[in-house]
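This is what each chain is made of:
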Amino acid sequence: MMQGPVDLCVIGAGAAGLAAGIFAAEQNPRLTIELLDGAKTIGAKILVSGGGRCNVTHDRVTPDDFFGMRHLVRNVLAAFPVEDTVRWFASLGVELKREATGKLFPVTDKSRTVLDALIQRCRQLGITLQADTRITAIDCCDRLQGSTENVPAGFLIRHQHGKVLARRVVLATGGRSLPRTGSDGSGYEFARRLGHRVTPTVPALVALILEDTCFHTSLSGLSHEVELQTLVQGRSVDRRTGSLLWTHFGISGPVVMDASRVWTHSRERNEAAELFGNFLPGRTADQAREWFLAQTARHPRRSLLNMFAELVPERLGEALCRQAGSDPQQGSAQVPRTTRDRLLTDLTRFRFPLVRDRGWNFAEVTAGGIPLEEVNFRTMESKLVPGLYIVGEVLDCDGRIGGFNFQWAWATGRVAGRAAATSLVGKPRGEHGEVTAPRQERT
Ligand SMILES: Cc1cc2nc3c(=O)[nH]c(=O)nc-3n(C[C@H](O)[C@H](O)[C@H](O)COP(=O)(O)OP(=O)(O)OC[C@H]3O[C@@H](n4cnc5c(N)ncnc54)[C@H](O)[C@@H]3O)c2cc1C
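Residues numbered from 1 in each chain as written. Predicted model: local features only at pLDDT ≥ 70, side-chain atom pairs only at ≥ 80, totals over all residues.

Moving on: the overall build of the chain. Across its full length, the chain carries 12 helices and 23 strands. Dimensions along the principal axes, computed over C-alpha positions, put the chain at roughly 90 × 45 × 35 Å. Relative to its full complement of 443 residues, the chain shows a buried share of 48%. Considering only intrachain contacts with a sequence separation of at least 6, the fraction spanning at least 24 residues in the chain is 75%. (Helix = DSSP H or I, 4+ residues; strand = E, 2+ residues; numbered from the N terminus. Buried ≥ 20, exposed ≤ 12 C-beta atoms within 10 Å, placed from the backbone. Contact = placed C-beta atoms within 7 Å.)

Attention now goes to the environment of Val 10. Relative to the helices and strands, Val 10 is located in strand S1 (residues 2-11). Apart from the residues lying within four places of it in its own chain, the contact partners of Val 10 are Gly 17, Ala 20, Gly 21, Ile 33, Leu 35, Val 170 and Ala 172.

In terms of domains, the chain is made up of domain 1 (2-202 + 360-441) and domain 2 (207-358). On a C-alpha basis, the centroid separation for the pair domain 1 and domain 2 is 41 Å. If you look at the interface, domain 1 gives 9 residues, while domain 2 gives 9 residues. Of the residues in the side of domain 1 that touches domain 2, the class split is 6 nonpolar, no polar and 3 charged. (Domains from an automatic or database assignment. Nonpolar A, V, L, I, M, F, W, Y, C, P; charged D, E, K, R; others polar.)

A few words now on the sheet that holds strand S13 (residues 223-232). The sheet built from 7 strands is open, its strands ordered S17-S16-S13-S14-S15-S12-S18 with antiparallel pairing. Taken across any chain shown, the strands that pair with only one partner, and hence form the sheet edges, are strand S17 (350-351) and strand S18 (354-357). Here strand S12 (residues 208-210) runs beside S18; their pairing, made up of 3 bridges, is antiparallel. Bridge pairing links Leu 210 to Leu 354 in S18. On the sheet, helix H7 (residues 254-268) packs against S12, S13, strand S14 (235-246), strand S15 (250-252), strand S16 (273-278) and S18 and is oriented at approximately 140° with respect to S14. (Pairing = 2+ DSSP bridges. Axes fitted to C-alpha atoms, helices over the stretch in contact; angles between N-to-C directions.)

Structure below.
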């Protein structure tokens, strides 16, 4: 069944798609707007986000919080600063609170509050929200007859139940993370078929699996500060400090999640990547050695375990002693020099024996995607396909943990929604003729 033409069809009703639809409708209430989503229910990813609390944004958002072309990211973020995001959510009835880390959550501590508010606003604005409608293809339609504009008349969107004609399309299909929520990467294929490039996609904000021989299972549940350094082909490319969580499979926690995309990207490019941990953040190996020698001189019979307990959690100290082949109860003065050196190296430069990342089912975001330079940052309109707007995670831009990825979704959604609506001003339905289907459709 052929439907439409509608003024704007948003493909994907996740965070970016919902924002695009709402801002387009607010800009031009006369437009017919349809949001189509392949998932059975709308907004599954919003619901699971932030541990069910939805970390909506962060109180300080800068381009440095993202991987992506800095100057383009800066411009997009500037178009919708955090204060505006906070005000926008307040206007939807969602009050946000700031936590000590700078993360902003709804005061209810429930993602449901955020999702319900977005859906309710869509309804108020007369936007059609259609779940269980998986898009299978997007084609540009013929140019309007007699038009001199270099703008295609519109798009033919095929989905599992039929077809829709639309004057403008917002591609908001997300990445590949958590595919059970509906984001399975199909948007990349649509973009490719429309002429866009897609840079390699890898899981980001993802936990990492360690070799079975490592001691991580004995530390499962323990978290502490660590400084992580990633070396690619022997060169230091990333260094960050934060909380690491040991788990039954390996390592997780904010600092590991943030560092993971450097490792996954390097692996994808077949480059040798190594991850090192300094369990004494801010201290060098030499400083640790001086400390050890001074302590040993003062308390020669004090056990290694008690000594290390001053610096690192006891369970970690014990695991590192055993890993270095020494008895944790041994007096520090009795430890052979080679063992001591190994221990001190492991304390300040522990090489994590990484096997792989935990994969798309656990990754919070996708690194890679449609290059930012292929969209106009002032409008999010494709530079290759006039009338097509691209927003959210499907773009090659990913933020660190802390609400930055949602901020990217809201900001790109707003820029695109307003621009698409503005581009239709003065072109209400029918005035410039109907959208016509591609030739093979006209039988
Ligand atoms: C477990 C988890 C927790 C997270 N927590 C946070 C957090 O607290 N704060 C934060 O900032 N970020 C968080 N993120 C990241 C954040 O959720 C995403 O970056 C953000 O949702 C991306 O929004 P999006 O609209 O671009 O894509 P998505 O939210 O992935 O939405 C894309 C939508 O498109 C639909 N779709 C895809 N293909 C098709 C198709 N062919 N036809 C029709 N529909 C299609 C999908 O069903 C989906 O609904 C989290 C992610 C995960 C996985």
